[in-house]
Every structure is written in C-alpha cells, then in structure tokens.
Amino acid sequence: MAKPDPAANWPEHILFIGCGNMAGAMLLRWLDEGLPSERVTVIRPSGKAVAPGVTVGTSLENPVAPGTLVLLGFKPQQLGLVAQDIAPLIGEGTTLLSILAGVPLARLRTAFPRSGSIIRCMPNLPVRIGKGVSILAAGPDATDDPRGLAGALCARLGLVEWLADERLFDAATALSGCGPAFVYRFIDALAAAGADLGLDSAAAARMALATVEGAGLSASASGIDPRAMADAVASKGGMTRQGLDVLDQPDGLAPLIARTLRTARDRGVELAALSEKSS
Ligand SMILES: NC(=O)c1ccc[n+]([C@@H]2O[C@H](COP(=O)([O-])OP(=O)(O)OC[C@H]3O[C@@H](n4cnc5c(N)ncnc54)[C@H](O)[C@@H]3O)[C@@H](O)[C@H]2O)c1
C-alpha cells in the first residue's frame with residue numbers, strides 16, 4: 001500500500017503577514033499536524049525565527065505566487081499601512097485568510113483589490129493544542145475551493161463554525177475569540193476565592209485550573225447540557241445549590257457575562273473604524 005503523502009491536503013504555500021501570539025499558535029499547530037515547514041514563509045518586522053525550516057523575512061519583496069494562502073496576522077489598526085506595501089504583490093489565484101478582529105470583508109476587499117477569495121477567520125488561542133474554535137465567514141465572491149481550504153485548515157485547529165451572516169462576526173468574536181481570556185479570569189477568581197477562605201494560594205490555583213479543565217472535558221465528553229451538569233453536581237439540600245443561588249441572582253453571573261460580551265463585541269466596530277484610519 002502506498003505511504004500517505006504528508007504534504008497532501010496543505011496549500012502549496014502559506015505566507016504569514018505578521019506572526020505573533022495568535023498566528024504563531026495556528027502555525028505551530030499546523031506544523032505539528034504535518035504542514036511541511038518549507039511551504040511556510042513568515043513576514044514580521046522583528047525577523048525573529050518562528051520554527052525550524054520556516055523562512056522568515058522582514059518585508060515582502062516579490063509578487064506572491066498563485067496557489068498561496070496569505071494569512072493576515074497583524075493588528076487591525078495596522079491594516080492601511082501594511083496593505084499599502086503588500087497589496088500590489090497579492091494577485092489572482094491567492095486566498096486571503098484574515099484573523100483581524102473587527103475588520104469586515106468589504107474593508108479587506110478595498111485594501112486588497114487584486115487578491116483572490118477573501119475569508120475572515122476568528123480563531124482562539126487553544127488552537128495551539130487542537131482544542132480551539134475558528135469562526136469563518138466568506139463573501140459572495142469567495143469560490144468553493146478557498147472556502148474548502150480554509151475549512152480544512154481550521155478543522156486541524158479544533159471546532160469550525162461558519163457564519164452565514166457576517167454582521168454577527170463581532171458577537172462570535174466576543175464569545176470564542178475573547179472567551180479564553182474570560183475563562184482564565186474565572187479560574188483566577190475561583191483560586192483567589194479559595195485562598196480567601198484559608199486555602200494555600202498555590203494549591204488553590206492548581207485546584208481551580210484542574211477543576212475548570214475537568215468540568216469542560218466532562219461536559220464535552222458527556223454531551224449533556226451544562227445546566228443539567230450543574231444540577232448533577234448540586235446534591236439535593238447540599239452545598240452547591242447554595243452557591244448556585246448566589247450566581248443565579250438577578251445581578252449575578254449571567255448579566256455580568258452578557259455585559260462582558262456586549263462590551264467586547266462593540267469594540268469590534270471601533271477596530272473597524274481604526275482600520276480605516278490607518279491608511
Ligand atoms: N490573541 C488572540 O487571542 C487573538 C485571537 C483571534 C484573533 N486575533 C487577531 O490576531 C491579530 C494579532 O493579534 P496578536 O494577539 O497575535 O498580536 P501580537 O502583537 O502578538 O502579533 C502581531 C504581529 O504583527 C506583527 N507586525 C507588526 N507590524 C507588522 C507589519 N508592518 N507587517 C507585518 N507584521 C507586523 C508583529 O511583529 C507581531 O508578530 C490581531 O488582528 C487580532 O485581532 C488575536
């Protein structure tokens with residue numbers, strides 16, 4: 001039987017424009033998954049190495065070859081300045097995958113008028129271990145192959161959700177793009193509350209992290225609704241219900257999280273405006 005080709009099902013080339021925390025996590029996961037490193041070029045002002053075998057440069061000098069997937073991994077506020085330099089080098093046959101928070105497809109098309117299909121992607125940091133979430137949206141000018149390519153690449157990072165209505169992109173970003181930070185805050189708060197009750201603070205931090213990890217994994221393994229999972233923890237007449245009653249008060253956890261997501265979502269509109277101003 002023929003050996004599987006490790007280079008199969010990857011784009012001919014992936015060009016990263018900017019490769020910090022988020023794009024770096026995506027790249028390292030794809031390399032772990034078998035993406036041949038010689039197919040990757042990274043452009044970043046620092047010129048610092050990313051991973052063995054990956055070519056790194058400080059600026060884009062030559063036209064990008066058709067068949068290349070170009071991942072935009074810099075900050076939304078830098079769009080105008082970066083596009084001014086690189087857009088003339090990105091033409092037909094390329095696919096643009098943008099992870100820029102807040103920046104709509106229409107703005108990306110204006111910045112990269114000659115590029116092939118443009119797809120918006122909102123990943124989150126757990127992609128590094130294949131447990132991420134990637135939200136995807138494409139405009140009507142995106143053809144089937146680039147959509148399939150983006151979907152397949154993101155499937156290697158964890159859950160993929162396509163959004164039919166791009167207007168919900170900032171809401172989805174607030175939930176899963178920003179979500180890990182909100183969960184990390186919860187872990188911190190759980191640990192601090194335990195320490196406040198007299199536990200050793202390092203032990204409380206270990207317990208809080210393992211509790212959130214175990215709770216997430218068991219909810220996803222069981223497929224049971226989290227509300228029912230909470231009820232299973234709350235023995236009748238026991239301690240948990242008293243705690244849940246505090247969280248469930250009218251000014252408790254639900255309105256706090258709703259306000260958190262709304263505020264994060266609304267920043268997307270401001271980022272879109274800043275991406276307009278940066279040219
Ligand atoms: N951090 C996250 O969890 C997360 C999640 C989803 C999406 N994003 C998006 O990812 C993008 C990057 O965010 P980050 O948190 O990784 O920030 P970061 O600061 O870690 O990375 C930004 C990268 O852009 C590079 N850069 C700066 N100027 C550049 C230029 N002129 N040309 C090319 N590269 C340039 C920097 O060197 C750096 O590597 C943002 O658009 C953000 O909205 C981030």
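This structure is a prediction, so every number in the text was calculated from the model and none was measured.

Draft legend 1. Local environment of helix α2 (residues 79-86). Among the residues of α2, those classed as buried are Leu79, Gly80, Val82, Ala83 and Ile86. One side of α2 holds all its buried residues, which, seen down the axis, span an arc of 165 degrees. Seen from the buried face of α2, the exposed residues on the opposite side, beyond 90 degrees, are Leu81, Gln84 and Asp85. In this fold, the buried residues of α2 make contact with β1 (13-17), α3 (105-111) and α10 (253-277).

Draft legend 2. Representation of the nonpolar core. If you look at the biggest cluster of nonpolar residues, it comprises 27 residues, and the most contacted ones within it are Phe16, Met26, Trp30, Leu71 and Leu97. Broken down by secondary-structure element, the contributors of at least two residues to this core are β1, α1 (21-32), β2 (40-43), β4 (68-72), β6 (118-122) and α4 (144-155). In terms of residues, this core owes the most to one element, α1, which gives six residues. Sequence-distant contacts of Met26, defined by excluding residues within four places in its chain, comprise Leu71, Ile99, Cys121, Pro123, Val127 and Leu157.

Draft legend 3. Spotlight on the pairing of strand β7 (residues 132-138). Among the seven residues in β7, six count as buried, and that is most of the element. Bridge count between β6 and β7: four bridges; the pairing is antiparallel. Within β7, the residue paired with Met122 across the bridge is Ile135. Both β7 and strand β8 (residues 158-162) contribute to a ladder of five bridges, which runs parallel. For Val133, the partnering residue across the bridge sits in β8 and is Leu159. This β-α-β element, β7 to α4 to β8, shows right-handed connectivity.

Draft legend 4. Just the UniProt feature "binding site: NADP(+)" (unreviewed entry) in the chain, in detail. The sites that UniProt annotates as "binding site: NADP(+)" (unreviewed entry) are Ile17, Gly18, Cys19, Gly20, Asn21 and Met22. From the set just named, the residues that line the second largest pocket comprise Ile17, Gly18, Cys19, Gly20, Asn21 and Met22. Locating Gly18 in the fold gives a position in the loop between β1 and α1. The contacts of Gly18, once residues within four sequence positions are left out, are Ala23, Ile43, Gly73 and Phe74. Note that Met22 resides in helix α1. Non-local contacts of Met22, meaning those with residues more than four positions away in its chain, are made with Ile99, Pro123, Asn124, Leu125 and Val127.

Draft legend 5. Inspection of the confidence of the model for the chain at higher detail. Scored by pLDDT, the chain comes out at a mean of 95, with 96% of its residues at no less than 70. Across the assembled chains, the prediction reports ipTM 0.98 with pTM 0.95.

Draft legend 6. Up close: the pattern of salt bridges. One pass over the structure, following the stated rule, counts 11 salt bridges. Of the charged contacts, one joins Glu33 and Arg29 as a salt bridge, the two residues approaching to 3.3 Å between their closest N and O atoms. With a relative accessible area of 33%, Glu33 lands in the partly exposed category. By relative accessible area, Arg29 is classed as buried at 17%. In this structure, a network of salt bridges that share partners links the residues Arg29, Glu33 and Arg156.

Draft legend 7. Examining the layout of surface pockets more closely. By volume, the second largest pocket amounts to about 1,200 Å³. Of all the elements in the fold, those that place two or more residues in the lining of the second largest pocket are α1, α2, α5 (169-177), α6 (179-196) and α10. Element by element, the count of residues in the lining of the second largest pocket is highest for α10, at five residues. A per-class count over the lining of the second largest pocket returns 25 nonpolar, 13 polar and six charged.

Thresholds, definitions, all that
Residues numbered from 1 in each chain as written. Predicted model: local features only at pLDDT ≥ 70, side-chain atom pairs only at ≥ 80, totals over all residues. Heavy atoms only, no water. Buried < 20%, exposed > 50% of the residue type's maximum accessible area, 1.4 Å probe, protein only. Helix = DSSP H or I, 4+ residues; strand = E, 2+ residues; numbered from the N terminus. Arc of directions from axis to C-beta. Contact = heavy atoms within 4.5 Å. Core = buried A, V, L, I, M, F, W, Y, C linked by side-chain atoms within 4.5 Å. Pairing = 2+ DSSP bridges. Right-handed = clockwise from strand over helix to strand, strands pointing away. UniProt positions renumbered as here; feature names shortened; annotations may be inferred. 1 Å grid on protein atoms, 1.4 Å probe; cavity = no way out; pocket = protein on both sides within 12 Å on 5 of 7 lines; lining within 4 Å. pLDDT = per-residue confidence, 0-100. Salt bridge = Lys/Arg side-chain N within 4 Å of Asp/Glu carboxyl O. Points joined across faces, edges and corners; volume = space filled by probe spheres on them. Nonpolar A, V, L, I, M, F, W, Y, C, P; charged D, E, K, R; others polar.

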